[in-house]
Amino acid sequence: MNDATNPMIDIVYDLKGGTLPREYAFELWCELVRALPWLEAESDAGLLPLRAAQSGGAMLLPQRAKLVLRLPQLLAQQARQLSGRILDVEGHTLEVGAMRERQLLAHPTLHARMVASSMDEKDFLQEMGVRLRELDISCKWICGKRVELRAGEHTITGYSLVVHELRPEESLRLQQKGLGGERRYGCGLFIPYKEISSLD
């Protein structure tokens, strides 16, 4: 478990590739575990959603695409083993390039593309209030639309979530701890978010 002596950081890799399946998270995680078998046992590890544009039934990667893993800092050296690997995500080839470490920085507004939950929206919002209080975070939040994510033969459901008016120490704590499960598929991981008016 991450703590003050082993904080979470983002491991950022250059990434070359053309396209990915529209729902790539499950297969990409499987490829990452194949390359880094120790990832499977890291319950705090997470894969940040890729920045990609939908193109037909696929996701189109930008030329300067990045692959980002959120990991305990002590695992950064082991994570270097991923550089230079070729990943095959359902027939889509990705080449993992150079790696760098990126410390988490405090931002007053954070966004999770999806926080996993099977609850209806009302119960979800109540649950988020409980979880944030458990983290000693006092802030405001906005729930976005319900979303689904295919994970092998299963479907994960949840909501996008913006959390705002965070104090610096709260912002860092939320990025460190996250909310909910399924982080390996990008759920419950918070990143800086600049515009809360366009929440999707």
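Residues numbered from 1 in each chain as written. Predicted model: local features only at pLDDT ≥ 70, side-chain atom pairs only at ≥ 80, totals over all residues. Heavy atoms only, no water.

(A) Broad picture of the confidence of the model for the chain. Of the residues in the chain, 94% have a pLDDT of 70 or more, and the chain-wide mean is 91. Taken as a whole, residues 195–200 scores under 50 in pLDDT and shows 15 contacts with residues more than four places along the chain or in a different chain. (pLDDT = per-residue confidence, 0-100. Contact = heavy atoms within 4.5 Å.)

(B) A look at the pairing of strand β9 (residues 110–116). Most of β9 sits out of view: six of its seven residues are buried. Sheet topology places β9 next to strand β11 (residues 154–164); five bridges connect them, and they run antiparallel. Note on β11: the bridge partner recorded for alanine 112 is leucine 161. (Buried < 20%, exposed > 50% of the residue type's maximum accessible area, 1.4 Å probe, protein only. Helix = DSSP H or I, 4+ residues; strand = E, 2+ residues; numbered from the N terminus. Pairing = 2+ DSSP bridges.)

(C) Structural context of the sheet that holds strand β2 (residues 19–21). Read across the sheet, three strands follow the order β2-β5-β4 without closing on themselves; strand pairing throughout is antiparallel. Only two strands of the sheet have a single partner each, and these edge strands are β2 and β4 (53–55). Sheet twist, expressed as the average angle between the axes of neighbouring strands with direction ignored, equals 40°. With three bridges joining them, β2 and strand β5 (residues 58–60) adopt antiparallel strand pairing. (Axes fitted to C-alpha atoms, helices over the stretch in contact; angles between N-to-C directions.)

(D) Region of the structure containing the sheet that holds strand β10 (residues 140–151). An order of β10-β11-β9-β12 is seen for the four strands of this open sheet, with the pairing classed as antiparallel. In this open sheet, the two strands that pair with only one neighbour each are β10 and β12 (191–192). Along the sheet face, helix α3 (residues 121–134) touches β9, β10 and β11 and points at about 110° away from the line of β10.

(E) Up close: the environment of glycine 158. With respect to the element layout, glycine 158 can be found in strand β11. Counting along the chain gives 41 residues from glycine 158 to serine 117, while the straight-line C-alpha distance between them is 4.5 Å.

(F) Inspection of unusual backbone geometry at higher detail. Look at aspartate 136: it is not a glycine, yet its phi comes out positive at around 60°. The residue aspartate 136 is located in the loop between α3 and β10 in this model. For glutamate 165, which is not glycine, the phi torsion reads 60° and is therefore positive. With respect to the helices, strands and loops of the structure, glutamate 165 is situated in the loop between β11 and α4 (168–177).

(G) A look at α3. Taking 1.5 Å as the rise per residue, α3 with 14 residues should run 20 Å; its terminal C-alpha atoms sit 20 Å apart, in good agreement. Those residues of α3 that are buried lie in contact with β9, β10, β11 and α4. Phi for aspartate 136, located one or two positions after α3, is positive at around 60°. (Expected span 1.5 Å × (residues − 1).)

(H) Seen up close, the environment of leucine 94. Among the secondary structure elements, leucine 94 is positioned in strand β8 (residues 92–102). Sequence spacing of leucine 94 and leucine 28 is 66 residues, and the spatial spacing of their C-alpha atoms is 9.7 Å. Leucine 94 has contacts with Leu15, Lys16, Gly17, Leu20, Leu28, Leu61, Arg85, Ile86, Leu87 and Val89, leaving out every residue within four places of it along the chain.

(I) Summary view of the pattern of salt bridges. Scanning all chains against the criterion turns up 11 salt bridges. Close ionic contact of glutamate 134 with arginine 131 constitutes a salt bridge, the shortest N to O distance being 2.9 Å. Here arginine 131 and glutamate 134 lie together in helix α3, a separation of three residues that amounts to about one turn. With a relative accessible area of 33%, arginine 131 lands in the partly exposed category. Of the charged contacts, one joins lysine 140 and glutamate 165 as a salt bridge, the two residues approaching to 3.6 Å between their closest N and O atoms. Of this pair, lysine 140 sits in strand β10 while glutamate 165 sits in the loop between β11 and α4, and the two are 25 residues apart along the sequence. (Salt bridge = Lys/Arg side-chain N within 4 Å of Asp/Glu carboxyl O.)

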